[in-house]
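Letter by letter, the chains look like this.
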Amino acid sequence: MSWLVLVVSGVLEAVWATAMGKSEGFSRLGPSAVFAVALIASMAGLAYAMRSLPTGTAYAVWVGIGATLTVVYAMATGEESVSLVKVVCIVAIVGGVIGLKMAG
């Protein structure tokens, strides 16, 4: 159950990071509200997962999922350019997250 909560929390990290960017310095209410709700839910999920998973592993997986999804979303929407180097680096992050899960 902790792993499932951790994955959902990682997805929510990507949501709040993206919303923060779209909030234009918290001057737009909608994205600012999404940021706040997603941030609280993401942190709560991470805290729950850390009750039974090692802190380093949980944090690395949470950040890896959030960072990967944030970049992939930005590339898919055209907000960030796509390059072979970026794709290889994203695959390396995903591989690292999978490795942490398998090693535990």
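Not measured: the values here are computed from a predicted model.

K.L.:
Tell me about the overall build of the protein chain, and please be specific about residues and values.
P.N.:
Regarding its fold elements, the protein chain presents 4 helices and 0 strands. Along its sequence from the N terminus, the protein chain presents helices and strands in the succession α-α-α-α. For a compact globule of 104 residues, the expected C-alpha radius of gyration is about 13 Å, and the protein chain comes in at 14 Å, within 12% of that figure. With the C-alpha coordinates aligned to their principal axes, the bounding extent of the protein chain is approximately 40 × 35 × 15 Å. Across the 104 residues in the protein chain, those meeting the buried criterion constitute 30%. Within the protein chain, contacts between residues separated by at least 24 positions form 62% of all contacts whose residues are at least 6 apart in sequence. A total of about 6,000 Å² of accessible surface is found on the protein chain, and carbon and sulfur atoms cover 75% of it.

K.L.:
I'd like to hear about the side chain of S32, residue by residue, with values.
P.N.:
Positionally, S32 belongs in helix α2 (residues 29-49). Among the residues examined, S32 registers a relative accessible area of 13% and is labelled buried. A distance of 2.6 Å separates a polar side-chain atom of S32 from the backbone oxygen of R28. Excluding its chain neighbours within four sequence positions, the residues that come into contact with S32 are S23, F26 and S27.

K.L.:
Can you lay out the environment of I40 for me, pointing to particular residues and giving the numbers?
P.N.:
The topology assignment puts I40 in helix α2. On the accessibility criterion, I40 (61% relative accessible area) is exposed. For the pair I40 and E13, spaced 27 residues apart in sequence, the C-alpha separation works out to 9.6 Å.

K.L.:
Account for the packing of aromatic side chains, with residues named and values stated.
P.N.:
Counted by the stated rule, this structure contains 3 aromatic pairs. With a centroid separation of 5.0 Å and 55 degrees between ring planes, the pair formed by F26 and F35 is classed as tilted. We classify F26 as partly exposed; its relative accessible area is 46%. Here a set of aromatic residues connected by ring pairs shows up, and it is made of W16, F26 and F35.

K.L.:
Before we move on, could you go through the confidence of the model for the protein chain and cite the residues and values that matter?
P.N.:
Residue-level pLDDT values for the protein chain average 96, and 99% of them are 70 or greater. Summarising per-element confidence for the protein chain, the mean pLDDT is lowest in helix α4 (residues 84-103) (93) and highest in α2 (98).

K.L.:
Now, about the environment of V85: what can you tell me, with residues and values included?
P.N.:
As for its position among the elements, V85 is in helix α4. In the structure, V85 is positioned 26 residues away from Y59 in sequence and 25 Å away in space, judged by C-alpha atoms.

Analysis parameters
- Residues numbered from 1 in each chain as written.
- Predicted model: local features only at pLDDT ≥ 70, side-chain atom pairs only at ≥ 80, totals over all residues.
- Heavy atoms only, no water.
- Helix = DSSP H or I, 4+ residues; strand = E, 2+ residues; numbered from the N terminus.
- Rg over C-alpha atoms; globule rule 2.2 N^0.38 Å.
- Buried < 20%, exposed > 50% of the residue type's maximum accessible area, 1.4 Å probe, protein only.
- Contact = heavy atoms within 4.5 Å.
- Areas by Shrake-Rupley, 256 points an atom, 1.4 Å probe, with all protein chains shown as cover.
- Polar contact = N/O pair within 3.5 Å; in protein donor to acceptor, adjacent residues only side chain to side chain.
- Phe/Tyr/Trp six-rings, centres within 6.5 Å; stacked < 30°, edge-to-face > 60°.
- pLDDT = per-residue confidence, 0-100.

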